[in-house]
Amino acid sequence: MNNHHPAPLYPEIKPYRQGTLSLDKIHTMYWEESGNPSGVPVVFLHGGPGAGATAAHRRFFDPAHYRIVIYDQRGAGRSIPLGEIQDNTTLHLINDLELLRQHLKIDKWHIFGGSWGSTLALAYGQAHPERCLSFMLRGIFLCRKAEIDWFLYGLRNLFPEAWRDFVTPLSAADRNNILSAYYQRLMNPDPAIHMPAARTWSTYEGSCSTLLPNPATVSYFASDTVALGLARMEAHYFSHNIFLPENSLLDNIHLLHTIPATIVQGRYDAVCPIISADDLHHAWPQAEYIIIDDAGHSVWEPGILAALISTTERFKSITT
């Protein structure tokens, strides 16, 4: 893919409908719809966990064709309370998605997700395959122990400077269990303790997300809402191995074999290394697999963006 042409994002649009959905006594979800009210539904699953969605995420989809559903997962973005880990598990997120689908009176929808969004897409799809028209996935994360360890330790091999900044606040002993040390700081009720930890964690991820240094990506990750939601949720989910049995997403992938799917993966994705996408492709040979040779992890990498847009274009042919 040529990096010199800006990817063909659709024009900026505003939601035609937005609201909140009470999930339980603690959590309330933010959701919005844009595009064509009588179009084919597609739901956007943001990353993290905890990163939240943005207005730019509406622009992957042709608004004349798609009924674009975007929401913030519990604990993230505009859903409240931000960064709340109580009653926040993968099963809760799967059930929230079903609640939203029923609330919006949608029968079936396309599932679009990258990074943690790809994890949740697979988990939701395996629980409710009959509700999925297709899967458009990017930057595959299967949340296995080796992948979590890579994020916490292995990235040092490629981004030693970013990793050094990540562990600088920790004692030598704490560096033997980075996850536990950060978890304690992030869950501390005092913002003077949890906010610096959240910013450091989130900036680390942002710094490692692009093939070439991208200050805009880093500053987005460093912003308060993104940093707190992302760092807290990731530490919470990683500490519990995403509340699923090890390897369960691959073990159950046969449930999705008949559903159209495209997997887009950056060759030099450091945050979610390509081995996971390769493992998924081998377990799901029916899925189209596109490797972008000059890209890292971020969805805004030009080659990844272009491949995803062309996927949403091609999948316009899938309506039932």
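Quick note: structure is the one above.
Calculation rules
Residues numbered from 1 in each chain as written. Predicted model: local features only at pLDDT ≥ 70, side-chain atom pairs only at ≥ 80, totals over all residues. Heavy atoms only, no water. Phe/Tyr/Trp six-rings, centres within 6.5 Å; stacked < 30°, edge-to-face > 60°. Helix = DSSP H or I, 4+ residues; strand = E, 2+ residues; numbered from the N terminus. Buried < 20%, exposed > 50% of the residue type's maximum accessible area, 1.4 Å probe, protein only. Patch = residues over 30% accessible without salt bridge, like charges linked within 9 Å, V, L, I, M, F, W, Y side chains within 5 Å. Areas by Shrake-Rupley, 256 points an atom, 1.4 Å probe, with all protein chains shown as cover. Salt bridge = Lys/Arg side-chain N within 4 Å of Asp/Glu carboxyl O. Expected span 1.5 Å × (residues − 1). Pairing = 2+ DSSP bridges. Right-handed = clockwise from strand over helix to strand, strands pointing away. Polar contact = N/O pair within 3.5 Å; in protein donor to acceptor, adjacent residues only side chain to side chain.

1. Points about the packing of aromatic side chains
Across all of its chains, the model carries 21 aromatic pairs by this definition. Relative to Y237, the ring of W116 has its centre 5.2 Å away and its plane inclined at 65 degrees; by these criteria the two rings are edge-to-face. With W116 in helix α2 (residues 116-127) and Y237 in helix α8 (residues 224-239), this pair connects stretches of sequence that are 121 residues apart. Of the two residues examined, W116 and Y237, each falls in the buried class. Connected via pairs of aromatic rings, a cluster forms that spans F141, F151, F166, Y182, W201, Y204 and F238.

2. Section: a nonpolar patch on the surface
A cluster of nonpolar side chains, contributed by L211, L212 and Y268, occupies part of the molecular surface with about 330 Å² of accessible area. Examined against the element boundaries, L211 turns out to sit in the loop between α6 (191-207) and α7 (215-222). The partly exposed category is assigned to L211, whose relative accessible area is 34%.

3. A short note on α8
Three or four residues apart is the spacing at which side chains of an α-helix point the same way, because the helix has 3.6 residues per turn. The terminal C-alpha atoms of α8 lie 22 Å apart, and with 16 residues this matches the ideal 22 Å at 1.5 Å per residue to within 8%. Among the 16 residues that make up α8, 13 are buried, leaving the element largely enclosed by the rest of the structure. Phi turns positive one or two residues past the end of α8, at N241, with a value near 50 degrees.

4. Quick word on the pattern of salt bridges
For the structure shown, the criterion picks out 18 salt bridges. Between R131 and D107 there is a salt bridge, and its shortest N-O distance comes to 2.7 Å. You can see R131 sitting in the loop between α2 and β6 (132-138) and its partner D107 sitting in the loop between α1 (90-103) and β5 (109-114), a full 24 residues away along the chain. Several salt bridges converge on common partners, so that one network encompasses E32, R58, D72 and R78.

5. Observations regarding the pairing of β5
For β5, the buried fraction is high: six of the six residues fall into the buried class. Inspection of the sheet shows strand β3 (residues 40-45) paired to β5 by four bridges, in the parallel sense. The partner of L45 across the bridge, within β5, is G113. Strand direction decides the pairing type here: β5 and β6, joined by six bridges, are parallel. The residue bridging G114 from the neighbouring strand is R138, located in β6. The handedness of the β5 to β6 crossover, carried by α2, is right-handed.

6. Overview of the environment of N157
With respect to the helices and strands, the residue N157 is situated in the loop between α3 (145-152) and α4 (160-167). In the structure, N157 is positioned 105 residues away from G52 in sequence and 28 Å away in space, judged by C-alpha atoms. A distance of 2.9 Å separates a polar side-chain atom of N157 from the backbone oxygen of G154.

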